[in-house]
Amino acid sequence: MLPTVEDLDDAVAHHGAPGRNAVVMTMGALHEGHATLIRAARERVGAKGFVVVTVFVNPLQFGAGEDLDRYPRTLDADLELAFEAGASAVFAPSVDEVYPGGEPQVRITAGPMGERLEGASRPGHFDGMLTVVAKLLHLTAPDLAFFGQKDAQQLALIRRMVEDLNFPVEIVGVETVRETDGLALSSRNRYLSAGERRTALALSRALFAARERLAAQEALRARATALPGAQGRAENRAEALSRLGEARAAADAHAVAQAAEGGAAGAVRAAARAVLDEAAKAEPPLTLDYLALVDPADFTEVADGHDGEAILAVAARVGSTRLIDNIPLTFGAAK
Ligand SMILES: Nc1ncnc2c1ncn2[C@@H]1O[C@H](COP(=O)(O)OP(=O)(O)OP(=O)(O)O)[C@@H](O)[C@H]1O
Ligand SMILES: CC(C)(CO)[C@@H](O)C(=O)[O-]
Ligand code: BAL
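About the cut-offs
- Position numbers for residues count from 1 along each chain, tracking the sequence in the order it is written.
- Chains carry letters from A onward and ligands carry numbers from 1 onward, assigned in written order.
- Reporting of local features is limited, given that this is a predicted model, to residues whose pLDDT is at least 70; pairs of side-chain atoms are given and counted only at 80 or more, and all residues count toward the totals for whole chains, interfaces and linings.
- The basis for the side-chain values is all heavy atoms of the structure; hydrogens and waters are excluded.
- UniProt positions are given in the numbering used here, feature names are shortened, and annotations may be inferred rather than shown by experiment.
- It only takes one pair of heavy atoms within 4.5 Å for two residues to be counted as in contact.
- For the purposes of these results, a polar contact is taken to be a pair of N or O atoms within 3.5 Å, where, inside protein, one atom must be able to donate a hydrogen and its partner to accept one; residues adjacent in sequence count only when each atom of the pair is a side-chain atom.
- The helix and strand labels rest on DSSP assignments: H or I over at least four residues marks a helix, E over at least two residues marks a strand, and numbering proceeds from the N terminus.
- Note on exposure labels: buried denotes an accessible area under 20% of the residue type's maximum, exposed denotes more than 50%, and partly exposed covers the range between, all computed with a 1.4 Å probe on protein chains only.
- Any two strands with at least two DSSP-identified bridges between them are counted as paired.
- Axes here mean lines fitted to C-alpha atoms, for a helix over just the part in contact, with angles spanning 0 to 180 degrees between N-to-C directions.
- Each salt bridge in this description consists of a side-chain nitrogen of Lys or Arg and a carboxyl oxygen of Asp or Glu lying within 4 Å of one another.

Quick look at the UniProt feature "binding site: (R)-pantoate" (unreviewed entry) in the protein chain now. Mapped onto this numbering, the UniProt entry annotates "binding site: (R)-pantoate" (unreviewed entry) at Gln61 and Gln154. Of the residues just listed, which span 94 residues, no C-alpha pair is farther apart than 11.5 Å, and they cluster in one region. Apart from the residues lying within four places of it in its own chain, the contact partners of glutamine 61 are Met27, Glu66, Arg122, His125, Gly128, Met129 and Val132. There is a polar contact of 2.9 Å between the side chain of glutamine 61 and the side chain of asparagine 58. Looking at where glutamine 154 falls in the secondary structure, it is placed in helix α7 (residues 152–164). Accessibility expressed as a relative area gives 18% for glutamine 154, which makes it buried.

Okay, structure coming up:
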């Protein structure tokens, strides 16, 4: 375990493997999601590579009234999990070690993407996050840095910072790790009572319902497009289905028109919202912060006729715990 920058420098100088240095940054309270990141890093750099795991609860990215003080700190268990998963070293500095002059005067600004969704709910969060990520990239000097897609907007902003400011590092995204019932692993899940956890399952259920709705819309679209006389406008496809006398198809005519015209985005949002609306009536209830279907490049809301990649992202509060989740979706795959 390395508590100081000097220890870290020393370890990188003596044990670092040029071209095969990796970092996994965390705020501790490690779980299987973190272990997956560490394993992915070890796999990429090989047995002779050097994998540093950082454990640091960064005050800069917490707003007033957020959970900085109660954020779980479990260093002994973290060390065990990190080394078990393949870490070469764990850098776990104090706040004074990272910010010896107090809060930094100069910071990274996340820009417009950092003001949307998580940024709108947590003003200043992404500036604080990018500032510490920039510092930790300088201190650990990695060739590769691994981040989870569970924090999709964070990952997109880090990629953007690295591109915009020419950081010499490859950013690797790792798929979200979930419990068997769908709940995305998160250190903040520890705050949940059994009842709150039941309600919190609505986040992943909403995302999965949306994914299923999209698959159904895409299947309908493929079928409608393949019908004779169905070329051209969406209504032609709907009529072509009806002409065939298919009761189901006739009933679906509107959905076909919607799907063929690219109205799938609305249907996808509605499917997720229905699950979240139900959870808002549960005991304890879920309070929705946002549900958004966004372009992965800039996190702006996608238009109704969107084709290509999108991210469906959700944030909600259950009791005093705020949770986020998201899934990637591909629109127009059935063309
Ligand atoms: N379920 C998960 N699957 C994949 N990566 C994850 C998962 N949870 C966290 N990570 C990733 O681990 C890294 C460290 O995240 P962090 O320490 O904040 O954990 P967390 O569980 O997301 O905590 P929190 O509850 O505070 O959001 C980030 O890159 C994050 O995206
Ligand atoms: C990237 C990070 C370690 C920066 O503090 C944090 O935001 C996190 O754990 O996702
Ligand atoms: N996992 C993102 C870090 C945060 O919530 O502050």
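Still more ground to cover, so stick around.
The sheet built from five strands is open, its strands ordered β3-β2-β1-β4-β5 with parallel pairing. Sheet topology places β3 (89–91) and β5 (170–174) at the edges, where each strand pairs with a single neighbour. Direction aside, the axes of adjacent strands within the sheet are offset by 25° on average. Pairing between strand β2 (residues 50–55) and β3: three bridges, direction parallel. Considered in β3, the bridge of valine 52 is made with alanine 89.

This part covers the pattern of salt bridges. This model, assessed by the stated rule, comprises 13 salt bridges. Between lysine 281 and glutamate 278 there is a salt bridge whose closest N-O contact spans 3.1 Å. On the basis of relative accessible area, lysine 281 is assigned to the exposed category, the value being 64%. A residue is classified by how much of its surface remains accessible, and glutamate 278, at 51% relative accessible area, is exposed. Connected via shared salt-bridge partners are Glu118, Asp289 and Arg322.

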